[in-house]
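# Per-entry structural report
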Amino acid sequence: MRKVFFSFKYKDDVSRAMVVRNSWVTQGKEAAGFIDAANFEKIKRQGDAAIRYWIDNQLKGTSVTVVLVGQHTCNSRWVRYEIEKSIEIGNGLLGIDISKIEDLQGNTSKRCGEIPKDYSFYLWNKDDGYNNMGEWIEKAAKQAGR
């Protein structure tokens, strides 16, 4: 079974990221990179080394990293770290625009960017992410030799 790390800007996009994660998990797949708000705040208070340690541990055993791109993702140093670390360990990498998934208040947002140019990028709503994400992930894994 393929284990996937989901990278996203926690505070801004957690509800949208949960839509994507839940679609993956309901298909019987394994997801990493998710944490509840209380634990996230606890790790954050411990400093940068603790955050890097948590990310590195979450990436262990994964073969693909999916970057969920919302309004502030491109400004997140931790998303940048997750991308760099994923490339370093040889994970497949792809990006998915989640900005048009409605948040808990029914709002959508703008997308701030994409991911590094050599990797595939998809639009969750327009490209039917619910039904196609598995294929996208397999394509990224194969491109990375995983």
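Whatever comes next refers back to the structure up there.
The structure reproduced in this document is the subject of the present report. Small disclaimer: the values here were computed from a predicted structure and weren't measured.

### Digging into the packing of helix α3 (residues 48-59) against helix α4 (residues 77-89)
Look at α3 against α4: their axes get within 11 Å of each other, and the N-to-C directions meet at 45 degrees. Classified by the interaxial angle, the pair formed by α3 and α4 is oblique. Read as a crossing pair, α3 and α4 show a hand that is right-handed. Across the interface between the two elements, Asp48, Ile51, Arg52, Ile55, Asp56 and Leu59 from α3 touch Arg77, Trp78, Tyr81, Glu82, Lys85, Ser86 and Ile89 from α4. Tallied by class, the residues present in the contact of α3 with α4 amount to six nonpolar, one polar and six charged.

### Concerning the state of the cysteines
Counted by the stated rule, this structure contains one disulfide. Covalently, Cys74 is tied to Cys112 through a disulfide, its sulfur atoms 2.5 Å apart. Of this pair, Cys74 sits in the loop between β3 (64-69) and α4 while Cys112 sits in the loop between β4 (92-97) and β5 (120-123), and the two are 38 residues apart along the sequence. On the basis of relative accessible area, Cys74 is assigned to the partly exposed category, the value being 35%. Judged by relative accessible area, Cys112 falls into the partly exposed class, the value being 26%.

### Observations concerning the pattern of salt bridges
The final tally for this structure, using the stated rule, is nine salt bridges. Salt-bridge contacts for Glu88 lead to Lys85; the nearest nitrogen and oxygen are separated by 3.2 Å. Here Lys85 and Glu88 lie together in helix α4, a separation of three residues that amounts to about one turn. Among the residues examined, Glu88 registers a relative accessible area of 59% and is labelled exposed. Salt bridges sharing partners connect three or more residues here, namely Asp97, Arg111, Glu114 and Lys117.

### Overview of unusual backbone geometry
For Asp128, which is not a glycine, the phi torsion comes out positive at approximately 55 degrees. Structurally, Asp128 can be placed in the loop between β5 and α5 (129-143). Residue Asp128 is classed as partly exposed on the basis of its relative accessible area, which comes to 34%.

Conventions and cut-offs
Residues numbered from 1 in each chain as written. Predicted model: local features only at pLDDT ≥ 70, side-chain atom pairs only at ≥ 80, totals over all residues. Heavy atoms only, no water. Axes fitted to C-alpha atoms, helices over the stretch in contact; angles between N-to-C directions. Helix = DSSP H or I, 4+ residues; strand = E, 2+ residues; numbered from the N terminus. Parallel < 35°, antiparallel > 145°, perpendicular 65-115°, else oblique. Left-handed = near helix turned anticlockwise from the far one by under 90°. Contact = heavy atoms within 4.5 Å. Nonpolar A, V, L, I, M, F, W, Y, C, P; charged D, E, K, R; others polar. Disulfide = S-S within 2.5 Å. Buried < 20%, exposed > 50% of the residue type's maximum accessible area, 1.4 Å probe, protein only. Salt bridge = Lys/Arg side-chain N within 4 Å of Asp/Glu carboxyl O.

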